[in-house]
Amino acid sequence: MRYLIGSRNDFSAIPEDATAIVTEGPEGVTVHSSGERTHYPAIPTEAVDVTGAGDAFAAGFLWQLAEGRTLAEGVKLGLTWAATTVQTKSSMPNRTSVL
């Protein structure tokens, strides 16, 4: 199976043989697969900085798939990691904080 992950602006069309996970910021994600759409709402959180939220989502999603979990479990972990990421200022540590 082929997975595409991106924001609404990244897609002009979704190939029929692909599963597309469309990230929608604070609205969550919509999975397009086999002609069907399933929406997963974002986890409510206080967003401080949205930098890296999409990357965190993708990492959690792919982690679950690599562990043999279902697509839905991947989406749920991805949403959890994204919600956790936006609660912190900047996804990149300050240089002095890592020395």
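It should be emphasised that the depicted structure is a prediction, and the values quoted were computed from it without experimental measurement.

(A) Quick look at the sheet that holds strand β1 (residues 2–7). Within the open sheet, the four strands sit side by side as β1-β2-β3-β4. Their pairing is mixed. With one partner strand each, in any of the chains shown, β1 and β4 (36–40) form the two edges of the open sheet. Mean inter-strand twist for the sheet, computed between neighbouring axes without regard to direction, equals 20°. Running over the sheet, helix α1 (residues 53–66) touches β1, β2 (18–23) and β3 (29–33) and is turned about 165° from β1.

(B) Molecular detail of unusual backbone geometry. Its identity is not glycine, yet S34 carries a phi of approximately 50°, on the positive side. In this structure, S34 sits in the loop between β3 and β4.

(C) Local environment of the layout of surface pockets. In this model, the largest pocket occupies a volume close to 400 Å³. Lining the largest pocket we find 19 residues, and of these G25, P26, A53, A82 and V86 sit closest to its centre. Within the lining of the largest pocket, the residues separate by chemical class into 13 nonpolar, five polar and one charged.

(D) Representation of the packing of aromatic side chains in the model. One pass over the full model with this rule turns up two aromatic pairs. Ring centres of Y3 and F61 lie 5.5 Å apart, and the angle between their planes is 80°; this geometry places the pair in the edge-to-face category. Highlighted residues: Y3 in strand β1 and F61 in helix α1, separated in sequence by 58 residues. Residue class for Y3 comes out partly exposed when judged on its relative accessible area of 29%. A ring pair is formed by F57 and F61, whose centres lie 6.0 Å apart and whose planes are at 10°; its orientation type is stacked. With a gap of four residues between them, F57 and F61 both fall in helix α1, about one helical turn apart.

How each quantity is defined
- Residues numbered from 1 in each chain as written.
- Predicted model: local features only at pLDDT ≥ 70, side-chain atom pairs only at ≥ 80, totals over all residues.
- Heavy atoms only, no water.
- Pairing = 2+ DSSP bridges.
- Helix = DSSP H or I, 4+ residues; strand = E, 2+ residues; numbered from the N terminus.
- Axes fitted to C-alpha atoms, helices over the stretch in contact; angles between N-to-C directions.
- Contact = heavy atoms within 4.5 Å.
- 1 Å grid on protein atoms, 1.4 Å probe; cavity = no way out; pocket = protein on both sides within 12 Å on 5 of 7 lines; lining within 4 Å.
- Points joined across faces, edges and corners; volume = space filled by probe spheres on them.
- Nonpolar A, V, L, I, M, F, W, Y, C, P; charged D, E, K, R; others polar.
- Phe/Tyr/Trp six-rings, centres within 6.5 Å; stacked < 30°, edge-to-face > 60°.
- Buried < 20%, exposed > 50% of the residue type's maximum accessible area, 1.4 Å probe, protein only.

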